[in-house]
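# Working through the structure, step by step
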Amino acid sequence: MNPVPLSDEALRDQGLDQVGTGKTLVIACGALAREVLALIAANGLDHLTLTCLPAILHNTPEKITPAVEAAILKHRGKYDHILVAYGDCGTGGLLSDLCQKYGAEMISAPHCYSFFEGAEAFAAHGEVTSFYLTDFLARQFDAFVWKPLGLDRYPDLRDMYFGNYEKLVYLAQTEDADLTETARVCADRLGLTFERRFTGYGDLERFIRA
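Criteria and cut-off values
Residues numbered from 1 in each chain as written. Predicted model: local features only at pLDDT ≥ 70, side-chain atom pairs only at ≥ 80, totals over all residues. Heavy atoms only, no water. Pairing = 2+ DSSP bridges. Helix = DSSP H or I, 4+ residues; strand = E, 2+ residues; numbered from the N terminus. Axes fitted to C-alpha atoms, helices over the stretch in contact; angles between N-to-C directions. Contact = heavy atoms within 4.5 Å. Expected span 1.5 Å × (residues − 1). Buried < 20%, exposed > 50% of the residue type's maximum accessible area, 1.4 Å probe, protein only. Arc of directions from axis to C-beta.

### Some thoughts on the sheet that holds strand β8 (residues 193-198)
Taken together, the 3 strands give an open sheet; going across it, the order is β6-β7-β8, and neighbouring strands pair in parallel fashion. Only two strands of the sheet have a single neighbouring strand rather than two, namely β6 (130-133) and β8. Going from strand to strand, the sheet's axes swing by 25° on average, the running direction of each strand aside.

Printed below as a string of structure tokens:
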């Protein structure tokens, strides 16, 4: 599979058209595009084709299930199998029900933080006072956190939103010193302590490879 030019802004707002010629389709969140393509390339998974929905759907999770259904209906006649690289992501079980309805296989996790770290490890931390970032969310902090919460216009709201949090945990998929510094700055902006954990691709890798 040839390298695909990826823009965070395009992945956020438009998603990604089909990449690849395999007969198994992966429908993923745009926030996972780089990770899924890296796994396909690293493992020679030429039987997979990737398409991504806009990552910004996470700001309106009630729109995720209809968007995934539209993608399944659009593509299912062209592929032998369909994988859905989403966690529940705030859909209240509706996405899982949809995948069962159409025979699509979905990753079993409540959200991407869980499947990057590994479901058991994530649950074991029991961190109800932690706020999480991934590589994509660190790069897109303003678009997904700062501006939607109105902190660009009303910075005094920060303590109301984050007063019960204690730390920002950066779940890093890659070894990137600049991105780690970006995440550290995000923690400072939120008034939180900072912790970095290198997770790699976690359960996402196992799901894609299986």
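So, next bit.
### Examining the environment of Glu-205
Within the fold, Glu-205 resides in helix α11 (residues 202-209). Here the alpha-carbon distance between Glu-205 and Gly-93, two residues 112 residues apart in the chain, equals 23 Å. Setting aside its immediate chain neighbours within four residues, Glu-205 contacts Leu-39 and Asn-43.

### Looking at the environment of Tyr-165
Tracing the backbone shows Tyr-165 in the loop between α9 (158-162) and β7 (167-172). Along the chain, Tyr-165 and Val-128 lie 37 residues apart, while their C-alpha atoms are 7.9 Å from each other. The contact partners of Tyr-165, leaving out residues within four places of it in the chain, are Thr-129, Ser-130, Phe-131 and Leu-192.

### Notes on helix α3 (residues 64-75)
Side chains of residues three or four places apart in an α-helix project in the same direction, reflecting 3.6 residues per turn. With 12 residues, α3 extends 17 Å from end C-alpha to end C-alpha; this agrees with the ideal 16 Å at 1.5 Å per step. When α3 is considered as a whole, its buried residues turn out to be Ile-64, Thr-65, Val-68, Ala-71, Ile-72 and His-75. All buried residues of α3 fall inside an arc of 125° around its axis, so they share one side. Next to the buried residues of α3 lie β1 (16-19), β2 (24-29), β3 (48-53), β4 (81-85) and α4 (94-102).

### Side note on the sheet that holds β1
Across the sheet, which stays open at both edges, the 5 strands sit in the order β1-β3-β2-β4-β5 with mixed pairing between neighbours. Two strands close off the open sheet at either side, each with one partner strand: β1 and β5 (105-106). Two elements, β4 and β5, share 2 bridges in a ladder whose sense is parallel. The residue of β5 that forms the bridge with Leu-83 is Glu-105. Its contacts with the sheet place helix α2 (residues 33-43) against β1, β2 and β3, and it is angled at close to 175° to β3.

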